[in-house]
Amino acid sequence: MSIQRIATLVSAGLHPVSGEPRHCRNDSLAMTLGLQLAESVSAQIKVLHAGDKNNPALADYLALGAKQVDVSPVTADENIVDSLAASLTNTDLILTGSRAENGEDSGLLPYQLAAKLGIPLVANALAIKPITNGIEVLQFLPKGKRRNVTVQLPALVVVHPLAPVALRFAYAQQMSGQITLKATVHHTNTTASNRIQ
C-alpha cells in the first residue's frame with residue numbers, strides 16, 4: 001500500500017522561559033518530516049490541531065511550512081481522542097511528536113489514538129522511508145542504538161526529539177498560510193476557512 005494521505009498532529013506549546021505561546025518543537029519535527037515525506041511521494045498532507053483556533057502558537061506551524069492548519073474545536077466534556085479519530089479516517093500515515101509542552105500531557109495520546117483507530121504504532125522514529133508495502137522506520141533505542149522497523153499502512157508514527165530534521169521559519173509562509181476551523185454539526189463535517197491576518 002502506497003502513501004497517499006498523511007496527517008500530522010500539532011499542539012500549542014509554551015516557551016520555557018517567557019511562558020508565551022509557541023509551536024511545540026516535538027510536533028514541529030513530526031510535521032516537517034511529514035511535509036518532506038509528502039513531497040517526496042506526492043501525497044496529500046493535512047496538519048491537524050484539536051483546540052482553540054485563535055491560539056497564536058498555530059501561526060508558528062504556518063511559518064514552518066504548513067500551508068494550512070485544520071482546527072477541530074474540543075469542548076471541556078469532549079474526548080479529544082474521539083474528536084481526532086473522526087478527523088483521521090482513511091489516513092494512511094499519522095505523525096505526532098513524542099509529547100506536548102502545554103498542560104498535563106502524559107504522552108499517551110498517540111497510543112490511545114492508535115488503539116481507537118485499530119492501527120499499529122511505531123515510537124521513537126528518527127526517519128521514515130516508503131517501501132513497497134508500507135514504510136520502514138529508523139527507530140531510536142536506548143544507549144544510542146538504532147534499528148529499522150517495517151510496518152504496514154495505515155499506521156501512526158511518533159517522532160523522537162532527536163530526529164535529524166531542520167526547522168526553518170519563514171514569515172512569508174506564515175502570512176500566506178491559513179488556519180481553518182473544522183466544525184461537526186449533526187454528524188456532518190462542515191468547514192469554514194479563516195485566513196490569518
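Per chain, residue numbering runs from 1 following the sequence as it is written. The model is predicted, so local features are restricted to residues of pLDDT at least 70 and side-chain atom pairs to those at 80 or more, both for listing and for counting; the totals for chains, interfaces and linings are taken over all residues. In computing side-chain values, all of the structure's heavy atoms are included and hydrogens and water are not.

A.B. asks: It is not clear to me how the overall build of the protein chain should be interpreted in this structure. Could you clarify?
C.D. replies: Secondary structure elements follow DSSP: runs of H or I no shorter than four residues count as helices, runs of E no shorter than two count as strands, and numbering proceeds from the N terminus. The secondary structure content of the protein chain amounts to five helices and 12 strands. When the accessible surface of the protein chain is totalled, it reaches about 10400 Å², and 50% of it is carbon and sulfur. Per-residue and other accessible areas follow the Shrake-Rupley method at a 1.4 Å probe size, with only the shown protein chains counted as cover for residues.

A.B. asks: Please explain the layout of surface pockets as it appears in this structure.
C.D. replies: Over the atoms rolls a probe the size of a water molecule, and in doing so it shows where empty space is left. Only protein atoms enter the calculation, which uses a 1 Å grid: trapped sets of points that fit a 1.4 Å probe without letting it out are cavities, open sets showing protein on both sides within 12 Å along at least five of seven lines are pockets, and any residue with an atom within 4 Å of a point is a lining residue. Grid points are joined across faces, edges and corners, and a volume is the space filled by probe spheres set on the points. Its volume calculated, the second largest pocket comes out at about 350 Å³. Together, 17 residues line the second largest pocket, and L35, I45, G65, A66 and K67 are the ones closest to its centre. Among the elements of the structure, helix 1 (25–41), strand 4 (44–50) and strand 5 (68–72) are those that each provide at least two residues to the lining of the second largest pocket. Per element, the largest residue contribution to the lining of the second largest pocket is five residues, and it comes from helix 1. Ten residues, namely Ala, Val, Leu, Ile, Met, Phe, Trp, Tyr, Cys and Pro, are considered nonpolar, four, namely Asp, Glu, Lys and Arg, are considered charged, and the remaining ones, Gly among them, are considered polar. Considered class by class, the residues forming the lining of the second largest pocket number eight nonpolar, four polar and five charged.

A.B. asks: Please clarify how helix 1 should be interpreted in this entry.
C.D. replies: Note: α-helices contain 3.6 residues per turn, so residues at a spacing of three or four share the same orientation. End to end, helix 1 covers 24 Å across 17 residues, agreeing with the expected 24 Å (1.5 Å per residue, within 8%). Categorising residues by exposure relies on relative accessible area from a 1.4 Å probe, with only protein chains included: less than 20% of the type maximum marks a residue as buried, more than 50% marks it as exposed, and the intermediate range marks it as partly exposed. Three or more residues of helix 1 are buried, namely N26, D27, S28, L29, A30, M31, T32, L33, G34, L37 and A38. The positive-phi residue at the C-terminal boundary of helix 1 is S42, with phi of around 55°. In this analysis, the expected span of each helix is defined as 1.5 Å times one less than the number of residues it contains.

A.B. asks: It is not clear to me how the pattern of salt bridges should be interpreted in this structure. Could you clarify?
C.D. replies: Side-chain pairs of opposite charge can arise where the charged atoms are in close proximity. Salt bridge criterion: a side-chain nitrogen from Lys or Arg within 4 Å of a carboxyl oxygen from Asp or Glu. Applying the stated criterion across every chain, the model contains three salt bridges. Of the charged contacts in the structure, one is a salt bridge between R5 and D92, with a shortest N-O distance of 3.7 Å. One end of the pair, R5, is in strand 1 (residues 5–9); the other, D92, is in the loop between helix 3 (80–87) and strand 6 (93–96), with 87 residues separating them in the sequence. Under the relative-accessibility criterion, D92 is labelled buried at 2%.

A.B. asks: Explain helix 4 (residues 109–117) here, please?
C.D. replies: Among all positions in helix 4, only P110, L113 and A114 are buried. Take helix 4 and look down its axis: the buried residues cluster within an arc of 100°, on one side only. Following helix 4 by one or two positions, G118 adopts a phi angle in the positive range, close to 70°. Each direction from the helix axis to a C-beta atom contributes to the arc, which is the arc of those directions.

A.B. asks: Sorry if this is basic, but what is going on with the packing of helix 3 against helix 4 here?
C.D. replies: Geometrically, a packed helix pair is captured by the angle between its two axes and the distance between the axes. Taken N-terminus to C-terminus, the directions of helix 3 and helix 4 make an angle of 55°; their axes are 10 Å apart at the nearest point. Classified by the angle between their axes, helix 3 and helix 4 sit oblique to one another. Here helix 3 and helix 4 pass one another in a crossing that is right-handed. Here helix 3 contributes I80, V81, D82, L84 and A85 to the contact with helix 4, which in turn contributes L109, Q112, L113, K116 and L117. The residue inventory of the contact of helix 3 with helix 4, partitioned by class, reads seven nonpolar, one polar and two charged. Here an axis means a line fitted to C-alpha atoms, over the contact stretch when the element is a helix, while the angle between two N-to-C directions is reported on a 0 to 180 degree scale. Here the angle decides the label: under 35 degrees means roughly parallel, over 145 means roughly antiparallel, 65 to 115 means roughly perpendicular, and every other value means oblique. In a left-handed crossing the near helix is turned counterclockwise from the far helix by less than a right angle, and in a right-handed crossing that turn is clockwise. Here a residue-residue contact requires only that any non-hydrogen atoms of the pair lie within 4.5 Å.

A.B. asks: Just checking my understanding: could you explain unusual backbone geometry for this structure?
C.D. replies: If a residue is not glycine, its phi is most likely negative; likewise, a peptide bond is most likely trans. In the segment running from L153 into P154, the intervening peptide bond is cis, with an omega of 0°. Within the secondary structure layout, P154 lies in the loop between strand 9 (146–151) and strand 10 (155–159). Positive phi, close to 65°, is recorded for N90, a residue that is not glycine. Assignment of secondary structure puts N90 in the loop between helix 3 and strand 6. Although it is not a glycine, N124 sits at a positive phi angle of roughly 60°.

A.B. asks: I keep staring at the nonpolar core and nothing clicks. Help me out?
C.D. replies: For soluble globular proteins, the rule of thumb is that nonpolar side chains tend to be buried together. The biggest cluster of nonpolar side chains holds 22 residues, and the ones touching the most others in it are I3, I6, L93, I128, I135, V137 and V157. Broken down by secondary-structure element, the contributors of at least two residues to this core are helix 1, strand 6, strand 7 (121–131), strand 8 (134–140) and strand 10. Among the elements that line this core, the one with the most residues is helix 1, at five residues. In contact with V137, other than residues within four places in its own chain, are V122, A125, A127, I128, R147, N148, V149, V151 and V157. Think of a nonpolar core as a cluster: buried Ala, Val, Leu, Ile, Met, Phe, Trp, Tyr and Cys residues, connected wherever their side-chain atoms sit within 4.5 Å. Counting 14 residues, the second-largest nonpolar core is a separate cluster that includes L48, L84, A85 and A114.

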